[in-house]
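# Observations on the model geometry
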Amino acid sequence: MGIGIWKYKQFLPPIETGHQVTIGEGNTPLVKSRNIGRELGLKHLYFKMESANPTGSYKDRIAAVGVSWALQQGKSACVGTTSGNAGAAVAAYAARAGLPYHLLVLEHIVEAKLAQVLTFGASVTKIKNFGSSEDVGLKVFRYIEQIAERMNWETMITAFKFNPTAMSGVKTISHELHTDFGGKFPDAVFIPVGGGGLFTGIAKGFKELSGDVERVKSPALVAVQSAGCSNIVDAWRQGKTEPVPGDSTAQISGLQVPNAPDGKDVLQVIGRGGGWGEAVPDPVTWQWQERLAEHEGILCEPAAAISLAGVEQALQAGRIDSDSVVVCIVSGAGYKDAGRIQAMVDKKPLVPTHTIESMIESMNDGDPI
Ligand SMILES: *Cc1c(COP(=O)(O)O)cnc(C)c1O
């Protein structure tokens, strides 16, 4: 039995032990809610702590498989694009594998996310107008595919459309949940959706496990998007099979994906009754991020808190009830978004400074902290 996700290697691409790169990704805790479930009136609310992965997001499961596969295929480097967590994940695993990683990023990438990538030694190029011009975006993807082909590099873009081999790492989340629930399935899994790869990977994992879906009830999978970028949920509501085109006004990093590469796959699952969609306004998601920290001790990034925001919405609409066994995928760690941490801190009372003598005096006066 391997460590990290390699424990489930029979469900992953065939990669020799010597090429299996791991930093201990996966096997993330499934934590039962102590307070929020009770406050909402849900008896069985769980958090799948993907924020506990080595670089702080579930993208490590993808990077582990993708970088290992690159080694096995004799690739000499990895190349890709990202605005955030995928870059940090691939940079870490490429560093461990001794493979160079070339990353093309938005001209105005969030500096904190760029910093995490740079610490792992990746070579980064900012592309002018990438992020604002759709034409530049399309050219970047084409460039990456062409240079990968020419140089014998591995393309690392975290969507099934671009790298289904690497993305198969996401399926291990479903296998772990099945094990954690003692060989049973929860009733519903709430999944943050940007490009749709996380959702699609979890759906594939459960499909693998349930085999004959007629006989074994697999969980309902709920796609939770920002209302500012709800192209998939809107399409589901309108009975369409392709995401509805339109720009993003979402302010949540990781969920600003107006052209979701795996959106069609998500719609295939929820369109056939395998789940449903929830679109949540960003301020509501931020409130749930704060509540998770204050009521459960879980500090996650906004993109992760949206799954819990989706739970509340589904409960109010009667799509789940107090007896439902519900899992929220907590996809990324709080430290990923320093700006949001500061915004939360700014709402707290100012931190006072006193002498220890005055503290002792107050204590003796019966007026402690
Ligand atoms: C990438 C990411 C998502 C969105 O995943 P998609 O596969 O793009 O739908 C959600 N949360 C976090 C923390 C992420 O890093």
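Look a little higher up for the structure.
These notes cover the structure that comes with them. (Residues numbered from 1 in each chain as written. Predicted model: local features only at pLDDT ≥ 70, side-chain atom pairs only at ≥ 80, totals over all residues. Heavy atoms only, no water.)

Right, let's talk about the overall build of the protein for a bit. A count of helical and extended segments in the protein gives 14 helices and 10 strands. Relative to the globule expectation of 21 Å for 369 residues, the C-alpha radius of gyration of the protein, 21 Å, shows essentially globular dimensions. With the C-alpha coordinates aligned to their principal axes, the bounding extent of the protein is approximately 75 × 50 × 45 Å. Out of the 369 residues in the protein, the part that is buried amounts to 52%. A sequence separation of at least 24 residues applies to 70% of the contacts in the protein between residues at least 6 apart. For the protein, the exposed area adds up to about 17000 Å²; of that, 53% sits on carbon and sulfur atoms. Each charge class in the protein was averaged separately, 34 positive and 38 negative side chains, and the resulting centres sit 7 Å apart. (Helix = DSSP H or I, 4+ residues; strand = E, 2+ residues; numbered from the N terminus. Rg over C-alpha atoms; globule rule 2.2 N^0.38 Å. Buried < 20%, exposed > 50% of the residue type's maximum accessible area, 1.4 Å probe, protein only. Contact = heavy atoms within 4.5 Å. Areas by Shrake-Rupley, 256 points an atom, 1.4 Å probe, with all protein chains shown as cover. Lys, Arg positive; Asp, Glu negative; His and termini not counted. Charge placed at Lys NZ, Arg CZ, Asp CG, Glu CD.)

This paragraph deals with a nonpolar patch on the surface. On the surface, Ile356, Met359, Ile360, Met363 and Ile369 cluster together into a nonpolar patch covering about 570 Å² of accessible area. Structurally, the position occupied by Ile360 is in helix α14 (residues 356-364). Ile360 sits in the partly exposed class, given a relative accessible area of 41%. (Patch = residues over 30% accessible without salt bridge, like charges linked within 9 Å, V, L, I, M, F, W, Y side chains within 5 Å. Salt bridge = Lys/Arg side-chain N within 4 Å of Asp/Glu carboxyl O.)

What follows concerns the sheet that holds strand β4 (residues 101-106). As a general point, the strands of a sheet are linked pairwise by backbone hydrogen bonds and lie either parallel or antiparallel. The strand order across the open sheet formed by four strands is β5-β4-β3-β6, and the pairing between neighbours is parallel. Single-partner strands in this sheet number two, and they are β5 (123-127) and β6 (154-155). Here four bridges tie strand β3 (residues 78-81) to β4, and the two strands are oriented parallel to one another. In the strand pairing of β4, Val79 is matched with His102. On the sheet, helix α4 (residues 111-119) packs against β4 and β5 and is oriented at approximately 150° with respect to β5. (Pairing = 2+ DSSP bridges. Axes fitted to C-alpha atoms, helices over the stretch in contact; angles between N-to-C directions.)

It is worth spelling out the pairing of β4 at this point. Note: β4 against β5, five bridges, orientation parallel. Counted as the bridge partner of His102 is Ser123 from β5. Handedness of the crossover joining β4 and β5 through α4: right-handed. (Right-handed = clockwise from strand over helix to strand, strands pointing away.)

For Arg272, the position within the fold is in the loop between α10 (263-271) and β9 (275-280). Sequence spacing of Arg272 and Ala343 is 71 residues, and the spatial spacing of their C-alpha atoms is 40 Å.

Another point: the packing of helix α11 (residues 282-296) against helix α12 (residues 302-316). Contact geometry of α11 with α12 gives a least axis separation of 8 Å together with a crossing angle of 100°. Between α11 and α12, the crossing angle belongs to the class labelled roughly perpendicular. Together, Val284, Thr285, Trp286, Trp288, Gln289 and Leu292 of α11 and Pro302, Ala305, Ile306, Leu308, Ala309 and Glu312 of α12 make up the contact between the two elements. Of the residues assigned to the contact of α11 with α12, the class counts are nine nonpolar, two polar and one charged. (Parallel < 35°, antiparallel > 145°, perpendicular 65-115°, else oblique. Nonpolar A, V, L, I, M, F, W, Y, C, P; charged D, E, K, R; others polar.)

Before going further, it helps to examine the site of the ligand. Around the ligand, 16 residues are found, and the nearest of them are Lys59, Asn85, Gly194, Gly195 and Ser331. In the model, an oxygen atom of the ligand is placed 2.8 Å from a nitrogen or oxygen of the Gly195 main chain. For the ligand, a nitrogen atom lies 2.7 Å from a polar atom in the side chain of Ser331. Surface burial for the ligand is 93%, taken as the share of its 380 Å² of free accessible area covered by protein chains. Among the residues making up the shell around the ligand, the classes are represented as six nonpolar, eight polar and two charged. (Near = heavy atom within 4 Å. Polar contact = N/O pair within 3.5 Å; in protein donor to acceptor, adjacent residues only side chain to side chain.)

With that out of the way, let us pick up the environment of Leu30. Positionally, Leu30 belongs in strand β1 (residues 30-32). Sequence separation of Leu30 and Lys128 is 98 residues, and the distance between their C-alpha atoms is 42 Å. Setting aside chain neighbours within four positions, we find Leu30 in contact with Tyr46, Phe47, Lys48, Leu177, Asp180, Phe181 and Val327.

Before going further, it helps to spend a moment on the sheet that holds strand β8 (residues 220-226). The strand order across the open sheet formed by six strands is β1-β2-β10-β7-β8-β9, and the pairing between neighbours is mixed. At either margin of the open sheet sits one strand with a lone partner, and together these are β1 and β9. The mean angle between the axes of side-by-side strands here comes to 25°, regardless of whether they run parallel or antiparallel. Examined bridge by bridge, strand β7 (residues 188-192) and strand β10 (residues 325-330) share three bridges and lie parallel to one another. Across the sheet, residue Ala188 finds its bridge partner in β10, namely Val326. Sheet strands in contact with helix α8 (residues 197-210) are β7, β8 and β10, and its direction is about 175° off that of β8. With respect to the sheet, α11 is in contact with β2 (44-49), β8 and β9, its orientation differing from that of β9 by roughly 95°.

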